[in-house]
Amino acid sequence: MSMLSVRNLNKSFGGLQATTNLSFDVEPGEIVSVIGPNGAGKTTLFNLITGVYTPDSGSIELEGRSLVGMRPNQVVDAGIARTFQNLRLFTNLSVLDNVLIPQHHQLKVPWWQAVLRTPSYRKAEAHMHDVAMEKLAFFGPRLMSFRLHQPVYVLSYANRRRTEMARAMATGAKMLLLDEPSAGMNPKETAEITQIIRRMRDEGGYTILLVEHKMNLVGEISDRVVVLDYGQKIAEGSYKDVVNDEKVLEAYLGKRADDDASEEVEL
Amino acid sequence: MSDSRTRLRNVMLTLGVGAIVAVLLALVEGNGGAKLNDTLALFAIWGIAALSLNLVNGTTGILSLGHHGFMLIGGYVTSLLIVPADVRERIASQARSDMTPFTLSLSVENAFNAVGLQALTTPETLWVRFLVALLVGGFVAMIFGLIVGIPSLRLKGDYLAIVTFGFGEIIRLSASTSLFSPFTNGALGFAGVPNDFGKSIWWTFAILGLTLFVMTKIKFSSFGRALQGIREDEIAAEAMGVNLARSKVLAFAISAFFAGIAGGLWVSYLSAARLDFFLFFLTFFFLVAISVGGTGSYTGVLMGVAVVVFVQQYGDPLEKTYGLPVWFGVIGSLILIAAAGGWLYRKTRRMRPVLHPLVVVLGLIGLGTLLFAIFGQNSPALDGTFQAFGMRRILLAVLLIVIMAFRPEGIMSRAEFSWAWALRERKDQPSDEERAQDAWLSNPDLNRGSATSSEDPLPASLTAEDAPNAVPFLERGTKPDPDEPRYGEGRDWQPEQDDEEEGR
Ligand SMILES: Nc1ncnc2c1ncn2[C@@H]1O[C@H](COP(=O)(O)OP(=O)(O)OP(=O)(O)O)[C@@H](O)[C@H]1O
Ligand SMILES: [Mg+2]
């Protein structure tokens, strides 16, 4: 069974059809990239999957279980976590707190035990710390030690992106949706994050769906690429196939000069 | 130092400070006089209420303005359950009272008698009955907290604040309606509530300590982190699995419980329960305390409560009658101080011109008023007196404005007092070694020849060879301005030739 299966998904905002009849699958352990020009509906797709928006029609299934109509936190319980394109960290809280909060939904201990700090709560808390450290370790030492206790607002932009990825991993989800993980990073940091995403799949066992504008990143790690334009899937396949696809080039570049004449005649 | 040793040290330090506070309280109780005693008790009671309000307002970030309503519920329930038998007889004999024999029989004493605990109905065991009444009051307030928590799931920000404000008023106004007056004795309320607890600094401070304990433990637990996550970014919190509904309702319920307890102590402090003891001004005081001290910081909230209680208790001179020269003198001095403050502010911020016309004009007005007050003392224009009613609250409101203007996050901001902080152990500062490592990680010049860059995962050739048509365009790296119109001409943009160079 595929991990994530999206079928005939539709969503419109007023008159704007942001997602049109979109279908695709993600297999377990795959890294699938969603690309497309600005406004193609990539973030909208993420919002639909994670329950921020409700689709007008169509189905979204995670391992055969429908996600449509779930609240975002229920989607996390089901096993999908995300990062945000515009970063939505808990800015005034420490890096450690940011990576602990996503583990709260798995806590089984009632609140009054937390107040009394009973042994079972202490154990759960220690476990949460271990998980947090494990996830932050993906990014090397830079988020560990003293950074752990710094508020997020003092971090660099790249470190905030990393913290967000660690935070998504800490939810315990099997599948991660990364919205432009390398936005705002310099080429060297991008190269590093590319390797980290690969390690997240290989070592962390996550299935990854990502949106990215940096094509070298996409080409480097994607098993498959889905191309959107105006909310529709215009191509799907390996990176090499997709970037040479006529429709994709057209979506990104507009029509070629030499085609223009013939197109105009048709119109 | 190991974790467990640090914890032991912190517990010892806290107990030590607790002991010192206890000794001080004992001294005050023995020699401090009734006024100081009352002030401390008031500090503790309002402290409990403000701390509980801060769980919702500060930690969870939901502006709630109905706290006086929860206090009212706690206060009335406590009164109903604790007022002594002679008070009940007097109420029963009053023609204007709506109370029924059934509601008059609702008391902890009768409950104890009914279950055969006669030992707990003696005057010596009044404290047991009082604690039971207090707890029941807390629980009833908590149930109402749950009821208010439910609209909080749908509403946000200002709307919710208005709803909670309305709710607080509804509670107060409906308490005197025929539906509830059998329980509240309508507008008459209850007199003769035993004041052995609300006026006792031991009881009030013990419960304040308990409240502080619960609140800080919640804040630094997984639940508190989730609540703070909601405050920071509700959408992100939900996307990280936090159940917004459950968390907010829990916060409201716990907060209302402690507000109910504070209400019970408040009626005991005043020896009576009346509707006008639970006006919005109570919530206003707590809001001032929270804002001045630091929204979200329990340490700050207690500081804020201290300020508010001090002004309230020792502000009498503000509301006395003074001759006009005194008033003019004071006002003139205040304006002068404001002008001097403005000058200092501009100077430290290096703002030009330092002597802004407004500063000059203010200074001149202040000086003029002051000189007029001094030299015109005996002139007929200044012959008269003036009494400023409500000056205390005006002062608090002005304090609120000043804090909002110059330090909106409050004195403590979100920080809490901690022993690690007091002893200057800062975990968020790098050691020299860490600083060096950090510089190495973040500076490409320092680690150019290192392992990470030698196995550069992005050979330039990958896309360039594989998709010759696509590369210069797809690899643009940066995104166009989102405000730029994309539909229409925006689509025909031609890539610049040196795009590829910029990328690396
Ligand atoms: N809540 C909303 N209400 C109205 N329109 C919306 C909403 N969310 C998205 N849209 C519109 O839907 C379209 C797709 O937006 P979306 O954010 O999904 O694009 P994207 O592919 O993520 O673009 P980018 O590369 O810039 O991130 C856009 O035209 C956008 O204006
Ligand atoms: Mg987007």
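Residues numbered from 1 in each chain as written. Chains lettered and ligands numbered in written order. Predicted model: local features only at pLDDT ≥ 70, side-chain atom pairs only at ≥ 80, totals over all residues. Heavy atoms only, no water.

**Structural notes on the overall build of chain B**
In terms of regular secondary structure, chain B is built from 24 helices and four strands. Counting over 504 residues, chain B shows a buried share of 44%. The contacts in chain B between residues at least 6 apart in sequence include a share of 78% that link residues at least 24 apart. For chain B, the exposed area adds up to about 26,000 Å²; of that, 66% sits on carbon and sulfur atoms. (Helix = DSSP H or I, 4+ residues; strand = E, 2+ residues; numbered from the N terminus. Buried < 20%, exposed > 50% of the residue type's maximum accessible area, 1.4 Å probe, protein only. Contact = heavy atoms within 4.5 Å. Areas by Shrake-Rupley, 256 points an atom, 1.4 Å probe, with all protein chains shown as cover.)

**Here's the deal with the sheet that holds strand β5 (residues 65-66) of chain A**
Residues and elements named next belong to chain A. Across the sheet, which stays open at both edges, the four strands sit in the order β2-β1-β4-β5 with antiparallel pairing between neighbours. The open sheet is flanked by β2 (16-26) and β5, the only strands paired with a single partner. Packing against the sheet, helix α1 (residues 42-49) makes contact with β1 (4-13), β2 and β4 (57-62), and its axis sits at approximately 115° to β1. (Pairing = 2+ DSSP bridges. Axes fitted to C-alpha atoms, helices over the stretch in contact; angles between N-to-C directions.)

**Structural notes on the pairing of strand β10 (residues 232-237) of chain A**
Residues and elements named next belong to chain A. Where strand β9 (residues 224-229) meets β10, five bridges bridge the pair, whose relative direction is antiparallel. Bridge pairing in β10 places Leu228 opposite Lys233. Between β9 and the antiparallel strand that follows it, β10, lie two residues; Tyr230 among them carries a positive phi value of about 45°.

**Let's talk about the domain arrangement of chain A**
Residues and elements named next belong to chain A. For chain A, the domain assignment lists domain 1 (1-79 + 173-267) and domain 2 (88-172). Here the C-alpha centre of domain 2 lies 28 Å away from the C-alpha centre of domain 1. Tallying the contact residues gives 22 residues for domain 1 and 15 residues for domain 2. The partner of Glu192 in a salt bridge is Arg142, with the nearest N and O atoms 2.9 Å apart. Per element, the largest residue contribution to the side of domain 1 that touches domain 2 is seven residues, and it comes from helix α7 (residues 187-202). (Domains from an automatic or database assignment. Salt bridge = Lys/Arg side-chain N within 4 Å of Asp/Glu carboxyl O.)

**Quick notes on the coordination of the magnesium ion (ligand 2)**
Residue and element names in this part refer to chain A. Protein-derived ligands of the magnesium ion (ligand 2) are Thr43 (OG1) and Gln85 (OE1), with the metal-ligand distances lying across 1.8 to 2.1 Å. Remark: Gln85 occurs in the loop between β6 (80-82) and α3 (95-100) and Thr43 occurs in helix α1; sequence separation between them is 42 residues. Given the relative accessible area of 25%, Thr43 is considered partly exposed. (Donors = N, O, S within 2.8 Å, 3.2 Å for Na, K, Ca; no water.)

**Concerning the site of ligand 1**
All names here are of chain A. Taken together, the neighbourhood of ligand 1 is formed by 15 residues, with Lys42, Thr43, Thr44, Gln85 and His213 sitting nearest. The separation between an oxygen atom of ligand 1 and a polar side-chain atom of Thr43 is 2.6 Å. Side-chain polar atom of Gln85 to an oxygen atom of ligand 1: 2.7 Å apart, as the coordinates give it. Contact with the protein chains removes 67% of the 630 Å² of surface that ligand 1 exposes when unbound. Those elements that provide at least two residues to the shell around ligand 1 are β2 and α1. Per-element tally for the shell around ligand 1: the top contributor is α1, with three residues. Taken together, the residues that form the shell around ligand 1 break down as five nonpolar, seven polar and three charged. (Near = heavy atom within 4 Å. Polar contact = N/O pair within 3.5 Å; in protein donor to acceptor, adjacent residues only side chain to side chain. Nonpolar A, V, L, I, M, F, W, Y, C, P; charged D, E, K, R; others polar.)

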